[in-house]
Amino acid sequence: MREVRLRFAPSPTGALHIGGLRTALYNYLLAKKMGGRFILRIEDTDQTRFVPGAEEYIINCLKWSGLIPDEGVSFGGDFGPYRQSERSAIYQSEVRKLIDQGHAYYAFDTAEELEHMRQRFATEQNKMPKYDFHTRMHMRNSLTLPPEEVRQLLEKGTDFVIRLRVPQDEQVGIQDVIRGQVTFRTEELDDKVLIKSDGLPTYHLANVIDDRLMRISHVVRGEEWLSSTAHHVLLYRYFGWESEMPVFAHLPLILKPNGQGKLSKRDGAQFGFPVFPLDWNQGEDFLPGFREWGFMPEAVLNFLALLGWNPGTEQEIFSVEEMIGLFSLEQIGKSGARFDFDKAKWFNAQYIQKADAGQMSTIIQSYFQSKGIELSDERAEQIYTLYKDRVQLINDFYRQGRYLVEDHIEYQQEFLVKKWQPSWKSAYEFLQMRFSQCRLWNKEELEPEIKEFMHGHQLKMGEVLPCLRVMFSGVPMGPDIYAMMGALGQSVCLERMNRFLHQLNKSL
Ligand code: GLU
């Protein structure tokens, strides 16, 4: 049986879009499910679109999310090099076979000549003319020029491209696992450039040759590549590999939250959420990432998996191991999946709640550290326990729990204006005095004090607890008041009550 080998083949043209990570995930899941290998190939033959740092970014995204390639750029393997810019000699020798068999040809047309052809045929064809069987015989290429002239042009080093000679009236097709039979008529296809004037291959040529030489068994990629498959099938045919083509699966699009079109790189800024796995920070260009926004990689993978894959049950939370066990291409839908950021946060909250406390404490510690605060193991675990059911993002631990370690407190203005009543001040001073007399700082001692206080001053729980929370943390909401007071300790609580009552006294 054919060995199962799947590749993720991004182009380093900028930050990897979150949809790219979903493609990587599906390739990874299927490879692992079938006991195969997951390969990272970098498709960097378009020098005009090359962006420094993009390859490293792709690798970091895979490492962060735990989708570790078995082979590929920076991971080694027997089928390298895995960076296409290092495989030029391979493409050159392969394309020669196509030329020799008459399936590809040299084209010497200048930019002006191409433009001239477009204008000439535009009126005749009543649509944008292509370089194809209609027009190719009117152009300057090795099909129209005498062989001697072609030889001389090549010897002189004249600029040329190599084009695929697409047949006039044939059908090509694939059996796509997700879309079924997909057929293209060759008369609609242009004579795609295979080798550009810089000597490097185009995506089509390099992609097909590499999939073949790297023994790729399944091509799982975004829907936007479906139309390219027509040319790919022709290439497989002319290379004599058609009967052993990989299995194809073209994934549905990820749609904008409103369902109106494909989620694009610019949508992050428009909708106010990240559409990249990690922060991208190159020169002027800053794009926020899921990691820095406060997401756990497991939650992001779970969320992404379900943007297209329907396991057929009500279950929503899947570990990567579970996904590997259940995944199949047949359960991927054809229609686009809407990107729902609230749902992504919901997944993250689920993962935070069920995470291992020790592991989460380390994550919380490093997050606080990035803000210049060193947390002890005990403090980090305390913050995790207090807030795990109240946060959606890792950053929320900092936002909500920083008062435990930072002395500066900002009181919520809305509370001060709408809820706090200056006439309560002396009552709370009395409560503070009672608190100072507590010998044990725990719920058993504090609860009766607070109850008595409420009773004595005809105050309700919903009035007192928010006040205490504001005194301790600045905001009227938060975890269990006794847990909060216990975590702060008696002297800090007393000091903060004192500060609140005094500051307020001054400002009112
Ligand atoms: N280089 C293409 C990309 O950037 C790969 C498409 C494919 O997987 O064939 O997505």
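Draft legend 1. Representation of the overall build of the protein chain within the structure. Summing up its helical and strand segments, the protein chain has 21 helices and 14 strands in all. Oriented by its inertia axes, the alpha-carbon framework of the protein chain measures out at about 105 × 50 × 35 Å. Within the span of the protein chain, comprising 508 residues, buried residues form 52% of the whole. About 24,000 Å² of surface is accessible on the protein chain, with carbon and sulfur atoms providing 49% of the total. Positive and negative side-chain charges in the protein chain, numbering 60 and 69 respectively, have mean positions lying 2 Å apart.

Draft legend 2. Examining the sheet that holds strand β8 (residues 193–195) more closely. One open sheet accounts for 3 strands, arranged β4-β5-β8; its pairing is antiparallel. Every interior strand has two partners, whereas the edge strands, β4 (104–107) and β8, have only one. Pairs of neighbouring strands in the sheet enclose a mean axial angle of 45°, with direction left out of account. Bridge count for strand β5 (residues 161–164) against β8 is 2 bridges, and the pairing is antiparallel. Across the sheet, residue Arg163 finds its bridge partner in β8, namely Val193.

Draft legend 3. Spatial organisation of the site of the ligand. Around the ligand, the neighbouring residues are Arg7, Ala9, Pro10, Ser11, Glu43, Tyr203, Asn207, Arg221 and Trp225. Between the ligand and Ser11, the relevant distance is 3.0 Å, taken from a nitrogen atom to a side-chain nitrogen or oxygen of the residue. Within the side chain of Glu43, a nitrogen or oxygen atom sits 2.7 Å from a nitrogen atom of the ligand. Coverage of the ligand by the protein amounts to 85% of the 290 Å² it exposes when considered alone. Taken together, the residues of the shell around the ligand sort by class into 4 nonpolar, 2 polar and 3 charged.

Draft legend 4. Structural view of the packing of aromatic side chains. One pass over the full model with this rule turns up 33 aromatic pairs. When the ring of Phe239 is compared with that of Trp241, the centres are 4.5 Å apart and the planes differ by 15°; the resulting orientation is stacked. Ring geometry for Phe303 against Phe339: centres 5.4 Å apart, planes inclined by 75°, an arrangement best described as edge-to-face. Pair noted here: Phe303 is in helix α10 (residues 297–305) and Phe339 is in the loop between β14 (337–338) and α12 (341–354), with a separation of 36 residues, a long-range link. On the basis of relative accessibility, which here comes to 3%, the residue Phe303 falls in the buried class. Here the aromatic cluster, defined as three or more aromatic residues joined through ring pairs, consists of Phe271, Phe273, Phe290, Trp293, Phe295, Phe303, Phe339, Phe341, Trp346 and Phe347. The aromatic ring of Phe79 is capped on one face by Arg5, whose charged end is 4.0 Å from the ring centroid.

Draft legend 5. Geometry of the packing of helix α13 (residues 357–370) against helix α14 (residues 377–387). Look at α13 against α14: their axes get within 8 Å of each other, and the N-to-C directions meet at 105°. Classified by the angle their axes make, α13 and α14 are roughly perpendicular. Across the interface between the two elements, Ala357, Met360, Ser361, Ile364, Gln365 and Phe368 from α13 touch Asp377, Ala380, Glu381, Ile383 and Tyr384 from α14. Class assignment for the residues of the contact of α13 with α14 results in 7 nonpolar, 2 polar and 2 charged.

Draft legend 6. Seen up close, the environment of Leu153. Within the secondary structure layout, Leu153 lies in helix α5 (residues 147–156). What makes Leu153 buried here is its relative accessible area of 8%. Expressed as a C-alpha distance, the spacing of Leu153 and Ala111, which sit 42 residues apart in the sequence, is 17 Å. Excluding anything up to four places from it in sequence, Leu153 contacts Phe108, Leu145 and Thr158.

Draft legend 7. Quick peek at the environment of Glu43. Within the secondary structure, Glu43 sits in the loop between β2 (37–40) and α2 (54–65). In this structure, the C-alpha to C-alpha distance between Glu43 and Ser11, residues 32 residues apart in sequence, is 4.6 Å. What Glu43 contacts, discounting residues up to four positions off in sequence, is Ala9, Pro10, Ser11, Pro12, Gln84, Tyr203 and Asn207. A polar contact of 2.8 Å, which involves the side chain of Glu43, links it to the side chain of Arg41. Of note is the side chain of Glu43, whose polar atom sits 3.2 Å from the side chain of Gln84.

Draft legend 8. Quick peek at the state of the cysteines. Considering all chains together, one arrives at 0 disulfides under this definition. There is no disulfide at Cys438, and the cysteine sulfur nearest it, in Cys493, is 10 Å away. Free cysteine: Cys467, not disulfide-bonded; nearest cysteine sulfur from Cys493 at 15 Å. Here Cys467 falls in the buried class, since its relative accessible area comes to 1%.

Draft legend 9. Region of the structure containing unusual backbone geometry. Geometrically, the link from Gly80 to Pro81 is a cis peptide bond, its omega value of -5° lying close to zero. Turning to its location among the elements, Pro81 is positioned in the loop between β3 (71–72) and α3 (88–100). Even without a glycine there, the phi angle at Ser74 is positive, about 75°. Residue position: Ser74 is located in the loop between β3 and α3. With a relative accessible area of 53%, Ser74 lands in the exposed category. The phi dihedral of Arg215 falls on the positive side, at around 55°, and the residue is not glycine.

The rules we used
- Residues numbered from 1 in each chain as written.
- Predicted model: local features only at pLDDT ≥ 70, side-chain atom pairs only at ≥ 80, totals over all residues.
- Heavy atoms only, no water.
- Helix = DSSP H or I, 4+ residues; strand = E, 2+ residues; numbered from the N terminus.
- Buried < 20%, exposed > 50% of the residue type's maximum accessible area, 1.4 Å probe, protein only.
- Areas by Shrake-Rupley, 256 points an atom, 1.4 Å probe, with all protein chains shown as cover.
- Lys, Arg positive; Asp, Glu negative; His and termini not counted.
- Charge placed at Lys NZ, Arg CZ, Asp CG, Glu CD.
- Pairing = 2+ DSSP bridges.
- Axes fitted to C-alpha atoms, helices over the stretch in contact; angles between N-to-C directions.
- Near = heavy atom within 4 Å.
- Polar contact = N/O pair within 3.5 Å; in protein donor to acceptor, adjacent residues only side chain to side chain.
- Nonpolar A, V, L, I, M, F, W, Y, C, P; charged D, E, K, R; others polar.
- Phe/Tyr/Trp six-rings, centres within 6.5 Å; stacked < 30°, edge-to-face > 60°.
- Lys NZ or Arg CZ within 6 Å of the ring centre and 35° of its normal.
- Parallel < 35°, antiparallel > 145°, perpendicular 65-115°, else oblique.
- Contact = heavy atoms within 4.5 Å.
- Disulfide = S-S within 2.5 Å.

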